[in-house]
Amino acid sequence: MIVVTQNCEILLSGTGGQGLILAGQILAEAVVRDGKNTVQTQSYGPEARGGASRAEVIISDGEIDYPRVTRPDVLLVMSQEALRKFAGKLDENGILMVDSTNINDVPATNARVFKIPYSRIAKETLGKEMVANVVALGALAAVTGVVTKESLMSALMSRIPRGTEALNQKALEIGWNSACQAAA
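Residues numbered from 1 in each chain as written. Predicted model: local features only at pLDDT ≥ 70, side-chain atom pairs only at ≥ 80, totals over all residues. Heavy atoms only, no water.

## Some remarks on the packing of helix 1 (residues 20–33) against helix 4 (residues 132–144)
Point 1. Closest axis-to-axis distance for the helix 1/helix 4 pair is 9 Å, and the angle between their directions is 40 degrees. With respect to each other, helix 1 and helix 4 are oriented oblique. Our pair here, helix 1 against helix 4, has a crossing hand that is right-handed. Residues L22, A23, I26 and L27 of helix 1 lie in contact with helix 4, whose contacting residues are N133, L137 and L140.
Point 2. A class-by-class count of the residues in the contact of helix 1 with helix 4 yields six nonpolar, one polar and no charged. (Axes fitted to C-alpha atoms, helices over the stretch in contact; angles between N-to-C directions. Helix = DSSP H or I, 4+ residues; strand = E, 2+ residues; numbered from the N terminus. Parallel < 35°, antiparallel > 145°, perpendicular 65-115°, else oblique. Left-handed = near helix turned anticlockwise from the far one by under 90°. Contact = heavy atoms within 4.5 Å. Nonpolar A, V, L, I, M, F, W, Y, C, P; charged D, E, K, R; others polar.)

Printed below as a string of structure tokens:
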């Protein structure tokens, strides 16, 4: 695990319909449950599905002066287009997390890179690609240590539709474990 301390800027991006806005909201809620300060913003194209989307989460032990991510410490991308658009903004000592199911071409970077097939894991292991965002969120939390697993699980359970608790709990666990294996 790479522990990100004090201030951390996180950018989650992909295409509409991948659930990254929800993932950002869940992450921000988990941060609050852990007693830290956070700001969460989101942006998506006019298309409901298929357009670009992104969620920004800023985490701090102190006050947050500016509510937008300017130089992400952590960039999680789930589409090649999102990687192309945001890779240059990542802090050179940052963490790049890519969905290797959808991303084939990762540019050279000084950042620590984690290639994990979130979408494939969700589809093949859980039978539902729609929880790839939760797999990715579990991996992000495991790699960065920005939230506790307990707070993340609690925030997840408070935001998902009834009847999907077991599926989402498994997705988070699998994501967490996949990151631990990738880091080993």
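Anyway, onward from the coordinates.
## Brief notes about the pattern of salt bridges
Point 1. Considering all chains together, one arrives at six salt bridges under this definition.
Point 2. R159 is the salt-bridge partner of E29, the closest N and O atoms lying 2.7 Å from each other. Here E29 is found in helix 1, whereas its partner R159 is found in helix 5 (residues 149–159), with 130 residues between them in sequence.
Point 3. Residue classification places E29 among the buried residues on the basis of a relative accessible area of 17%.
Point 4. The partner of E56 in a salt bridge is R68, and the shortest N-O contact between them spans 3.1 Å. Of this pair, E56 sits in strand 3 (residues 52–60) while R68 is found in the loop between strand 3 and strand 4 (74–77), placing the two residues twelve residues apart along the sequence.
Point 5. By relative accessible area, which is 5% here, E56 ends up buried. (Salt bridge = Lys/Arg side-chain N within 4 Å of Asp/Glu carboxyl O. Buried < 20%, exposed > 50% of the residue type's maximum accessible area, 1.4 Å probe, protein only.)

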